[in-house]
Each structure stands twice: as C-alpha cells, then as structure tokens.
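# Summary of the model geometry
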Amino acid sequence: MAGDQTAGSARVRIWRNARLATLAQGLPGLGVVEHGAVAARDGRIAFSGAEADLPAGLEAGAEIVDCEGRWITPGLIDCHTHLVHAGNRANEFQMRLAGATYEEVARAGGGIVSSVKALRAASEAELVAQTLPRLDALIAEGVTTVEIKSGYGLDVANEAKSLRAARQLGELRPVTVRTTFLGAHALPPEAKGDKDAYIDLVAGPMMETVANAGLADAVDGFCEGIAFSPEQMARVFNAARKHGLPVKLHADQLSDLGGAALAASYGAFSADHLEYASEAGVRAMAEAGTVAVVLPGAYYFIREARKPPIGLFRRDGVRMAVATDNNPGTSPLTSLLLAMNMAATLFSMTVEECIAGVTREAARALGLQAETGTLEAGKWADLAIWDIESPAELVYRMGFNPLHARIWRGN
Ligand code: DI6
Ligand code: FE
C-alpha cells in the first residue's frame, strides 16, 4: 500500500506504533494491520500499512507521532443527517409517550411542519449557532465527514438558507460537509394540500436556485404516504439529473411504496431507512450498487416494529451504511458510536458491518469512496485514533467516547 515515495518539501506527519483498521477494500474484515503506521502529506494519506514497510524517504524530516499501540480507523462519516434545524420537538415526544403515533402527530399539523415554522423564523446566523453544538458532538466522536440535508425550509429562500448554513458549518469547523437538497421532504402549509403543485416548485425554481448557486451536492426526497409518491419523486429526480446532481432517497421507512426500486432505477448513491423494502427492491439496489443506509436511531425513537431486511442485503450483496439521521422529530441522536451499537443490538449487524458502515460504506453512500472511508494512500488523511483494546469496543459501549485524537486532512 505504499504511496508516493518522493520526499517533497511539504510537511510529512507520521503516526507510528499503531494498530490499523484500514477497511481497505481488498483485505478481509476490517483490514487490520498490527504494528502499523500512517503517513500524511498535503492533507492526503501518503502511506498506510506495516511500519516495517514505511518508505525511508518519507520518514526523513517528518513529524513523528507515537500512538503507543492505539487503534487508528478512518475518520467516521455520518452519511445521513438533518443537522440544520431550529428548535426541537420535545413536546411531540411527550405526545407520543402519551400514545400518539408519528403519523398521527404529523397529520395533526405537528411533525415536520412545526420544524418548518421554526426554521423559517430563524436567521441563517441563528441556524448556524443552533446547529454548531450538534456538529461538535459528532466531531467529538471522531466524525470527519458529515452529510447535512435541507428540508425544513420548503420554499426557495429557506431551502437556500438551510444549505448555505450547512456550507458555513463546514467553514467554521475542520470537517467535510456534504449538502443534500431535500425540498421534497414535506408539504408546506401554503401549498394547501396540493402536492403536485409543490413538486412543480421543488423540481423547478427551487432546484434551479440551489443547483445554480452550487449549494447542493445531491438531491433527496421522502417517498412515503405522508409525503410524496414514487411518481412525484421521479419528477424531482428527473430535474436533479438535468442539473447533473446525484440522488438518494428516504425509501420504504413506514410502508412499501417501492422506494428502494425507484432509487435504484435512478442509480441513487443510497436508499435510506428501508424497514419495509421488498425483496425486489433490495435486488434492484444490488444491481444498481445503491447503498442501504440503515438508521437505527429513528427505528428506536419511533418504536418501529419492523426491521430493515439485513439478511436480504447480505444475501444480495447490498452494501450497508449506518448513520444517525439526526433530526428533531424521529432521531434526536448526535452519537454515531451509539448508532453503531443500535445497528448491532437492534438489527443484528456484525462489528465489521457496523464499523464499515460508518467509514467505507458511508463514503460510498455519499459518492466519496475515492476520497475517504478507508486508510489507503491517496485518500484524505482523515483519521480517528482510539483508546481501545479492540475495534469491537467501538460498537459495544453505550454512551462512552474512547476517542484519543481526530485528524482531518492531516491536521
Ligand atoms: N424521515 C424521517 O425519519 C425524518 N425525515 C424523514 O424523511 C423525520 C423528520 C422530522 O420528523 O422532522
Ligand atoms: Fe432522514
């Protein structure tokens, strides 16, 4: 795995005396390297592998960090969040504790629409200020890349405001932010029940504005009875395609509308949730290379009874990612480590699947597999260094953070 060996003038930093979970594609399991080292130059990994194989040219003049036997994994990637939102919905949580379902709360005018009111009332600066503590919580656990969706603005100005706030967060903190335009998240009150007319707005002026301003890296939608039909989502995806934007989809979360197959038919990076995905939907995802993003925080928080079809994903070779789905309504979760524990405990995913799900496969769910997600030469030098004896501890603990250090782009 040796990379470029020429010793340039750029500063080289080497983390040595470490155990690596490289997650490298060709290696079995976690791609473990005992007695390993990682070298970074110009923000990229210049070497990752056995310390004995470290090129002498790299070592000369390098800054050396002794990891004292700690584990290094790729920096963690939270590939599905609604981190930019205003206020919270603790009141609805109380309603649900008293017996109301998520769908009943939504139909009663609460749900996503109440977060829309709060977001519209907040300035961009207020949104950034409210979101920073959530972003910092993720960063504190070793997250180096985070996806952030819009979807609480639901008009041109407020969707653009949300995405600008997300971009700004990436300037304020040493973290890679990927933005996703989720205009088709819910029907705003002023649409007065006319979903088709609202989809015209999303696929037309809204998409045009965010695409032309370079505010979105991808396009997402909520394909569900309480949100938008597959036909309506297809119109959004056609518009995304016109603007050269990749797509992903909230699919089959509360019912099977064929969302997984729809996402696959557009070559989506990912289909997310998937509790009610059908066998045919899973097969279509496998053929398209669409990643299954499982969101155990939402499953847990709404006390969903049906689990995503993990066995079918495995059988058909669908790659699985794990994310927090941080949002005020169904997953007020800011711990990717806890999401891993939940994926293992609630969905019976293995330790290897959980760790790959927040690194290598999460990168793929964002189309970033060439840049991050594994410890391999050429990728961004995004690392998490852990005070653990074995990688299983990352999945095993609940509410404990063993992060020793986090490196983003070599720093
Ligand atoms: N599915 C979800 O679980 C969240 N959005 C979505 O499409 C819920 C968002 C919210 O309730 O605010
Ligand atoms: Fe979501």
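None of these values were measured; they are calculated from a predicted model.

### Overview of the coordination of the iron ion (ligand 2)
Protein coordination at the iron ion (ligand 2) comes from His80 (NE2), His82 (NE2), His250 (NE2) and Asp325 (OD), with a distance range of 2.1 to 2.3 Å. Taken together, the four donor atoms coordinating the iron ion (ligand 2) and their angles of 81 to 167 degrees define a geometry best described as irregular. Along the chain, the residues that donate to the iron ion (ligand 2) are spaced as H-x1-H-x167-H-x74-D. On the criterion of sequence distance, the pair formed by His80 in the loop between β6 (76–78) and α2 (90–97) and Asp325 in the loop between β13 (320–322) and α13 (336–347) is long-range, its members being 245 residues apart. The burial state of His80 is the same as that of Asp325; both residues are buried.

### Brief notes about the site of ligand 1
In the region of ligand 1, 14 residues are neighbours, and Arg89, Tyr102, Tyr152, His185 and Thr330 sit closest. For ligand 1, a nitrogen atom lies 2.8 Å from a polar atom in the side chain of His185. If ligand 1 stood free it would expose 320 Å²; the protein chains cover 100% of that surface. When each cavity is represented as a set of grid points, ligand 1 is found to reside in the largest cavity. Class assignment for the residues of the shell around ligand 1 results in four nonpolar, eight polar and two charged.

### Re empty space enclosed by the protein
Applying the stated criterion to the full structure yields one cavity of 30 Å³ or more. The computed volume of the largest cavity comes to approximately 100 Å³. Along the wall of the largest cavity there are 13 residues; nearest its centre are Tyr102, His185, Gln253, Asn327 and Thr330. Considering only residue class, the lining of the largest cavity consists of four nonpolar, seven polar and two charged.

### Quick look at the side chain of Asp78
Summarising the element assignment, Asp78 is placed in strand β6. Comment: no salt bridge for buried Asp78; closest opposite-charge side chain is Lys149, at 8.9 Å. Looking at Asp78, its side chain comes within polar contact range of the side chain of Thr324, at 2.7 Å. The residues contacting Asp78, other than those within four sequence positions of it, are Leu138, Val143, Thr145, Val146, Glu147, Ala323, Thr324 and Leu336.

### A few points about the sheet that holds β6
Taken together, eight strands build an open sheet; the order of strands is β6-β7-β8-β9-β10-β11-β12-β13 and the sheet is parallel. Strands with a single pairing partner mark the edges of an open sheet, and in this sheet they are β6 and β13. Adjacent strand axes in the sheet meet at a mean angle of 25 degrees, parallel and antiparallel pairs treated alike. Across three bridges, the pairing between strand β12 (residues 291–294) and β13 is parallel. Looking at β13, one finds that Ala292 is bridged to Met320.

Thresholds applied
- Residues numbered from 1 in each chain as written.
- Chains lettered and ligands numbered in written order.
- Predicted model: local features only at pLDDT ≥ 70, side-chain atom pairs only at ≥ 80, totals over all residues.
- Heavy atoms only, no water.
- Donors = N, O, S within 2.8 Å, 3.2 Å for Na, K, Ca; no water.
- Tetrahedral: all angles 85-135°; square planar, octahedral: opposite > 155°, others 65-115°.
- Helix = DSSP H or I, 4+ residues; strand = E, 2+ residues; numbered from the N terminus.
- Buried < 20%, exposed > 50% of the residue type's maximum accessible area, 1.4 Å probe, protein only.
- Near = heavy atom within 4 Å.
- Polar contact = N/O pair within 3.5 Å; in protein donor to acceptor, adjacent residues only side chain to side chain.
- Areas by Shrake-Rupley, 256 points an atom, 1.4 Å probe, with all protein chains shown as cover.
- 1 Å grid on protein atoms, 1.4 Å probe; cavity = no way out; pocket = protein on both sides within 12 Å on 5 of 7 lines; lining within 4 Å.
- Sits in = over half its atoms within 2 Å of the grid points.
- Nonpolar A, V, L, I, M, F, W, Y, C, P; charged D, E, K, R; others polar.
- Points joined across faces, edges and corners; volume = space filled by probe spheres on them.
- Lys, Arg positive; Asp, Glu negative; His and termini not counted.
- Salt bridge = Lys/Arg side-chain N within 4 Å of Asp/Glu carboxyl O.
- Contact = heavy atoms within 4.5 Å.
- Pairing = 2+ DSSP bridges.
- Axes fitted to C-alpha atoms, helices over the stretch in contact; angles between N-to-C directions.

This is a description of form; function is not addressed.
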